[in-house]
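Understanding the architecture of this molecule
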Amino acid sequence: MDLAASYESCRALVRAEDRDRYLAVLFAPAGKRKHLFALYAFNIEIGHVAERVREPAMGEIRLQWWRDTIEGKAAGNPAGNPVAHALLDTIERCKLSKPLLLELIDAHGFDLYSDPMASMHQLECYLDETSVTLMRLALKILDGSSDGSMGATFAGRAFGLMGLLRGFGPHAARGKVFVPPLDVLARNGADYAAALSGEITGNLIAALKEMRERARSDWMLAEPWLAKAGSALAALLPAALVPDYLKAMERKGYDPFRTRIEIAPWKKPWLLWRASRR
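Attention here is on the structure that accompanies the text. Nothing here was measured: the structure is a model prediction, and the numbers come from that model. (Residues numbered from 1 in each chain as written. Predicted model: local features only at pLDDT ≥ 70, side-chain atom pairs only at ≥ 80, totals over all residues. Heavy atoms only, no water.)

1. Considering the nonpolar core
Counted only if it meets this: Side-chain atoms within 4.5 Å link the members of a nonpolar core, which is a set of buried Ala, Val, Leu, Ile, Met, Phe, Trp, Tyr and Cys residues. Only protein chains enter the calculation, and the probe is 1.4 Å; a residue is then buried if its accessible area is under 20% of its type maximum, exposed if over 50%, and partly exposed in between. Here a strand is any run of E in DSSP of at least two residues, a helix any run of H or I of at least four, and the numbering for each starts at the N terminus. A contact between two residues is defined here by any heavy atoms of the two lying within 4.5 Å.
Grouped together as the largest cluster of nonpolar side chains are 99 residues, with contacts concentrated most on F42 and L123. Among the elements that make up this core, the one with the highest residue count is helix α8 (residues 120-143) (11 residues). With residues near it in sequence (within four places) discarded, L123 still touches M117, L161, L164, F178, V179, P181 and M211.

2. Regarding the packing of α8 against helix α9 (residues 150-166)
Defined as follows: Throughout, an axis means a line fitted to C-alpha atoms (over the contacting stretch in the case of helices), and angles, computed between N-to-C directions, take values from 0 to 180 degrees. Should an angle fall under 35 degrees it is taken as roughly parallel, and over 145 as roughly antiparallel, whereas 65 to 115 is taken as roughly perpendicular and any remaining angle as oblique. Put simply, a crossing is left-handed when the front helix is turned counterclockwise from the back one by less than a right angle, and right-handed when it is turned clockwise. Polar here means any residue outside two lists: the nonpolar Ala, Val, Leu, Ile, Met, Phe, Trp, Tyr, Cys and Pro, and the charged Asp, Glu, Lys and Arg; Gly therefore counts as polar.
Direction vectors running N to C along α8 and α9 enclose 120°, while the axes themselves pass 8 Å from each other. On the basis of the axis angle, α8 is oblique to α9. As for the relative orientation of α8 and α9, their crossing is right-handed in sense. Taking contact as the criterion, the partners of L123, E124, Y126, L127, D128, S131, V132, M135, R136 and L139 in α8 are, on α9, A152, T153, A155, G156, R157, F159, G160, L161 and L164. Among the residues forming the contact of α8 with α9, the class breakdown is 11 nonpolar, four polar and four charged.

3. A short note on a nonpolar patch on the surface
Rule in force here: In this scheme, patches are assembled from residues that exceed 30% relative accessible area and form no salt bridge. Like charges are connected within 9 Å, while nonpolar side chains (Val, Leu, Ile, Met, Phe, Trp, Tyr) are connected within 5 Å. In short, Shrake-Rupley with a 1.4 Å probe defines the accessible areas, and a residue's cover is counted only from the protein chains shown. A pair is scored as a salt bridge if a Lys or Arg side-chain nitrogen falls within 4 Å of a carboxyl oxygen belonging to Asp or Glu.
Judged by side-chain polarity, L26, F27, W270 and W273 come together as a nonpolar surface patch covering roughly 400 Å² of accessible area. Positionally, L26 belongs in the loop between α2 (19-25) and α3 (30-47). In this structure L26 comes out as partly exposed when scored by relative accessible area, which is 40%.

4. Brief notes about helix α5 (residues 56-70)
Note the threshold: In a helix, the anticipated span is given by 1.5 Å times the number of residues less one. Taking the helix axis as origin, the arc is that swept by the directions to the C-beta atoms.
Here α5 spans 21 Å end to end across 15 residues, near enough to the 21 Å set by a 1.5 Å rise per residue. Within α5 the residues assigned to the buried category are G59, L63, W66, R67, T69 and I70. Seen along its axis, α5 keeps its buried residues to an arc of 165°; they face one direction. Looking at the buried positions of α5, the neighbouring elements they touch are α3, α4 (49-52), α6 (82-94) and α7 (98-107).

5. A few points about the pattern of salt bridges
Under the defined criterion, the tally for this structure stands at 19 salt bridges. In this structure, K268 and D20 form a salt bridge, with 2.7 Å as the shortest nitrogen-oxygen distance. Taken together, the residues K268 in helix α16 (residues 267-277) and D20 in helix α2 connect sequence positions 248 residues apart. Taking the relative accessible area as the measure of exposure, D20 reaches 4% and is therefore buried. With its nearest N and O atoms 3.6 Å apart, the salt bridge here joins E71 to K73. Judged by relative accessible area, E71 falls into the partly exposed class, the value being 37%. Put simply, E124, D128, R157, R214 and D218 are held in one network by salt bridges that share partners.

6. Quick word on the packing of aromatic side chains
We apply this condition: Any two of the Phe, Tyr and Trp rings considered here, Trp counted by its six-membered ring, make a pair once their centres fall within 6.5 Å; the pair's planes then place it as stacked at under 30 degrees, edge-to-face at over 60, or tilted in between. Look at NZ for Lys and CZ for Arg. If either is within 6 Å of the ring centre and within 35 degrees of the ring normal, a charge sits over the ring.
Within this structure, the stated rule accounts for seven aromatic pairs. Here a set of aromatic residues connected by ring pairs shows up, and it is made of F42, W65 and W66. It is K176 that lies over the ring of F178; its NZ or CZ is 5.3 Å from the centre.

7. Quick word on unusual backbone geometry
Of note, the bond from V179 into P180 is cis; its omega dihedral lies within 30 degrees of zero at -5°. Mapped onto the elements, P180 comes out in the loop between α10 (168-173) and α11 (182-187). The phi torsion at K95 lies on the positive side, around 55°, for a residue other than glycine. With relative accessibility at 62%, the residue K95 sits in the exposed group.

8. Thoughts on helix α13 (residues 202-228)
What counts is decided by this rule: Bend, in this description, refers to the angle at a residue between axes fitted to the seven residues ending there and the seven starting there.
Between its terminal C-alpha atoms α13 stretches 41 Å, which fits the 39 Å expected from 27 residues at 1.5 Å a residue. The largest bend along α13 measures about 30° and falls at A222, with the proline P224 one to four residues further on. Turning to α13, its buried residues are L204, A207, L208, M211, R212, A215, D218, W219, A222 and L226. Positive phi appears at G230, one or two residues downstream of α13, with a value of about 60°.

The structure is reproduced here in structure tokens:
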């Protein structure tokens, strides 16, 4: 496939599957946008592996293909896959860290299995290896820095945790709960069975509330960093949506198993624009 067409496929995939990051990319310098789309399309591909396979072994094979592709070991021509084609070009042009990309892939191996998230420490490590790593890679694309600034750490944790909270219902329906981790469930008098039951209990609601408070705390720590981000703002900008997503989970009638958490399409660009002007 032609390289320009591969980048366009990435843009279309991100627009369809990750609207929040798609809108944030529009605040990036025009010459950097295609590389962000390639990175985020790759994130979609590996993040959705668990949803597309019936057996963990099949998911491991797909993740291994991405490892081999990044390391230059994949059989065949990776250019046949538009996301891989654009990603490899982005890695070369933007000098992306292959170890960070491999870390992102490895972290999503956890998604393939029904094991619960054991503790807040394990959850924090998962967020650092997924959402935070992705922001660090985006920073590298935008300003050549991937120093793991605290801005990326706090923004990545806030946005990643919010995403897991939004996905609570669909994840539970597949027999997998990322949040709350077991220690938070136990602290609030709930357990893993309750989190998978499909039935709302006061204890489960309290555990989820604790998770929302953690996400809000991380956002408050991240917010000052957006003002300092300069040309790299687009990397951190998706986190600006966290407060409104959390508010949607606190409305009357919220059912964590069934309520679809969304922000009005007209409001998202305005929230991102407002955050970019601060």
